[in-house]
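Inside the fold
Now for the letters of each chain:
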Amino acid sequence: MKHSIEVTINGVQQTLDVDGDRPLLWVLRTDMGLTGTKYGCGIGLCGSCVVLIDGVAARSCQIFMSEVAGKEVTTIEGLAAGDEPGDLHPVQQAFMEHDALQCGYCTPGMILQGVSLLTENPDPNTEEIVNALEGNLCRCGAHKRIVQAMHTAAKMKGGG
């Protein structure tokens, strides 16, 4: 049954007529065309569907629309908030500088998980970075570069 749910997505407040039991992932991807949020395992284990809800990383495949009512959702498309085109968030910039990806499928989830980590801990050590990103799977083997990118992002944000 559809309900009107007010939610802010990427800085824009919206009223969506959706089934409250529908996963956020599918509303973002199918209804809103925000395909940067990836479908991976569908059971919250791989991290490819991570978004920020009120600034905290969450697995959108496990979050129902009724749970995000009144909240702020940020997807990879809404992360870069610079005034100029190409202005990237420091974590995005660091991933690009370190070539911290190969196929890129896990990258949006990794970046948003990293943003959440740096919000909570602006100066993480390597072990804390590895632990924070452990639940985000990457089959390409870019882990070393991802950790390097996170250290660079922390420095860019004033930590590290």
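Here, every reference points to the structure presented above.
What this report covers is the structure whose coordinates are included nearby. (Residues numbered from 1 in each chain as written. Predicted model: local features only at pLDDT ≥ 70, side-chain atom pairs only at ≥ 80, totals over all residues. Heavy atoms only, no water.)

1. Considerations on the side chain of Thr74
Topologically, Thr74 is positioned in strand 5 (residues 72-74). For Thr74, a relative accessible area of 14% gives the class buried. Discounting residues that sit within four places of it in the chain, Thr74 has contacts with Asn10, Val51, Leu52, Leu79 and Leu112. (Helix = DSSP H or I, 4+ residues; strand = E, 2+ residues; numbered from the N terminus. Buried < 20%, exposed > 50% of the residue type's maximum accessible area, 1.4 Å probe, protein only. Contact = heavy atoms within 4.5 Å.)

2. Focus: the environment of Cys138
Inspection of the secondary structure puts Cys138 in the loop between helix 5 (126-133) and helix 6 (143-156). Judged by its relative accessible area of 11%, Cys138 falls in the buried class. Each C-alpha atom of the pair Cys138 and Ser48 lies 9.0 Å from the other, and the pair is 90 residues apart in sequence. If near-sequence neighbours (up to four positions away) are discounted, Cys138 is found in contact with Cys106, Met110 and His143.

3. A closer look at the pairing of strand 1 (residues 2-9)
Both strand 1 and strand 2 (residues 12-19) contribute to a ladder of eight bridges, which runs antiparallel. Bridge assignment links Val7 to a residue of strand 2, and that residue is Gln14. Hairpin connection, strand 1 to strand 2: the antiparallel pair is bridged by two residues, and Asn10 has positive phi, about 55°. Sheet topology note: the strand 1/strand 5 ladder contains two bridges and is parallel. Bridging from a neighbouring strand, Thr8 pairs with Glu72 of strand 5. (Pairing = 2+ DSSP bridges.)

The values reported here are purely geometric and, on their own, carry no functional implication.
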